[in-house]
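Here's the letter readout for the chains.
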Amino acid sequence: MTGHDWGYGVEDGPSLWHQNYPIAEGSRQSPIDILPQTASHDPSLGPIALKYDQCTSINIANNGHSVVVEFEDSDDRSVIQGGPLDNPYRLKQFHFHWGGKGCRGSEHTVEGHSYASELHLVHWNAVKYETFGEAATAPDGLAVLGIFLETGDDHRWLHTITDALYMVKFKGSVTNFKSFNPKCLLPSSLHYWTYLGSLTTPPLHESVTWIVLKEPIAVSEKQPAHSWWIPGSSHYGWFPIQTSQMELSLAFAAHKTTASTE
Ligand SMILES: COc1ccc(C)cc1NC(=O)Nc1ccc2c(c1)[B-](O)(O)OC2
Ligand SMILES: [Zn+2]
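Residues numbered from 1 in each chain as written. Chains lettered and ligands numbered in written order. Predicted model: local features only at pLDDT ≥ 70, side-chain atom pairs only at ≥ 80, totals over all residues. Heavy atoms only, no water.

**A look at the overall build of the protein chain**
A count of helical and extended segments in the protein chain gives 3 helices and 15 strands. Here the protein chain holds 262 residues, and 55% of them are scored as buried. In the protein chain, once contacts between residues fewer than 6 apart in sequence are set aside, the share between residues at least 24 apart is 73%. Carbon together with sulfur atoms contributes 55% to the accessible area of the protein chain, which is approximately 11,200 Å² in total. (Helix = DSSP H or I, 4+ residues; strand = E, 2+ residues; numbered from the N terminus. Buried < 20%, exposed > 50% of the residue type's maximum accessible area, 1.4 Å probe, protein only. Contact = heavy atoms within 4.5 Å. Areas by Shrake-Rupley, 256 points an atom, 1.4 Å probe, with all protein chains shown as cover.)

Following this line, the structure appears as structure tokens:
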């Protein structure tokens with residue numbers, strides 16, 4: 001399929017994606033509704049470690065579906081490891097999912113509760129695969145850190161992203177976005193749920209080890225995380241798609257883990 005043959009409207013929304021992307025009816029499709037009570041605690045799962053200190057952000061872009069910040073991923077300078085991961089995965093990009101005006105647009109839900117929006121930090125397995133594209137189609141190719149955004153206090157750093165939005169008003173626009181470190185977007189606790197799932201948007205590859213943080217970060221009403229829209233694209237906002245509950249292993253790091261500073 002070329003271009004963007006999918007969206008969130010009546011004619012191209014999630015319930016129709018299976019027509020062009022049959023994997024939509026696969027066995028490990030995301031997002032899911034997380035049920036903490038039924039998640040099994042897997043004591044073999046340790047804390048996740050984030051090495052984001054040498055992060056090199058490159059640009060910020062509007063791809064018609066989200067605003068994406070890309071990173072330099074030619075070496076292991078910014079990686080996620082530990083937890084369910086057998087090796088380090090390189091940070092490639094992060095992007096957000098949010099709802100239309102005033103509606104709550106997180107993709108994952110927790111016991112049916114939607115959050116204002118959801119941040120996805122996308123990492124790929126450069127130990128086993130040559131390129132992101134190759135990793136994106138492999139069952140152990142991607143590791144995505146999902147962070148819920150909840151309305152509350154003003155987020156000190158999110159404004160650097162929302163301030164940049166006006167520069168990428170239209171689909172296909174890209175602009176410089178240097179030296180942004182996503183470490184500032186992390187909540188205080190890295191306690192997480194993890195499960196094997198997929199991209200939540202076409203091509204829906206079943207290549208993602210999901211690591212969803214329990215603790216949301218707060219953004220204020222003013223920081224329009226839940227009312228962001230992408231002017232110039234055919235729609236705005238992202239709406240959660242519910243798929244069946246999948247085996248979730250709830251991993252409690254025995255202690256409060258903080259992003260590694262190594
Ligand atoms: C047209 O899109 C592509 C073409 C070719 C390749 C190799 C990949 C993609 N798309 C892609 O990676 N999406 C994508 C990647 C990562 C995540 C998500 C979507 B998400 O579920 O929203 O959060 C995590
Ligand atoms: Zn996403």
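On we go.
**Concerning the coordination of the zinc ion (ligand 2)**
The zinc ion (ligand 2) binds to the protein through H95 (NE2), H97 (NE2) and H120 (ND1); the donor distances cover 1.9 to 2.0 Å. Look at where the donors of the zinc ion (ligand 2) fall in the sequence and you get H-x1-H-x22-H. Take H95: its relative accessible area is 13%, and that puts it in the buried class. Relative accessible area serves as the criterion here: at 1%, H97 is assigned to the buried category. (Donors = N, O, S within 2.8 Å, 3.2 Å for Na, K, Ca; no water.)

**Some remarks on the pairing of strand β13 (residues 208-213)**
Of all the 6 residues making up β13, 6 are buried; the element is thus mostly covered by neighbouring parts of the structure. Of the two faces of β13, the one holding V208, W210 and V212 and the one holding T209, I211 and L213 are both buried throughout. By the bridge criterion, 5 bridges tie strand β10 (residues 142-151) to β13 in an arrangement that is parallel. Of the residues in β13, the one forming a bridge with G146 is V212. The pairing of strand β12 (residues 192-197) with β13 spans 6 bridges and is classified as antiparallel. In the strand pairing of β13, T194 is matched with I211. (Pairing = 2+ DSSP bridges.)

**Some remarks on unusual backbone geometry**
With an omega dihedral of 0°, the bond running from S30 to P31 counts as a cis peptide bond. By the element assignment, P31 lies in the loop between α1 (17-20) and β1 (33-34). Cis peptide bonds are those with omega within 30 degrees of zero, and the linkage from P202 to P203 qualifies with 15°. Structurally, P203 can be placed in the loop between β12 and β13. For S179, which is not a glycine, the phi torsion comes out positive at approximately 50°. Structurally, the position occupied by S179 is in the loop between β11 (174-176) and β12.

**Some remarks on the site of ligand 1**
Close contacts around ligand 1 come from 13 residues, with H95, H97, H120, L199 and T200 the closest. Take H97: an N or O atom from its side chain is 3.1 Å from an oxygen atom of ligand 1. Taking H120, its side chain carries an N or O atom lying 3.0 Å from an oxygen atom of ligand 1. Taken by itself ligand 1 offers 520 Å² of open surface, and the protein chains cover 72% of this. Those elements giving two or more residues to the shell around ligand 1 turn out to be β7 (89-98), β9 (117-124) and α2 (132-135). Class assignment of the residues belonging to the shell around ligand 1 gives a composition of 7 nonpolar, 6 polar and no charged. (Near = heavy atom within 4 Å. Polar contact = N/O pair within 3.5 Å; in protein donor to acceptor, adjacent residues only side chain to side chain. Nonpolar A, V, L, I, M, F, W, Y, C, P; charged D, E, K, R; others polar.)

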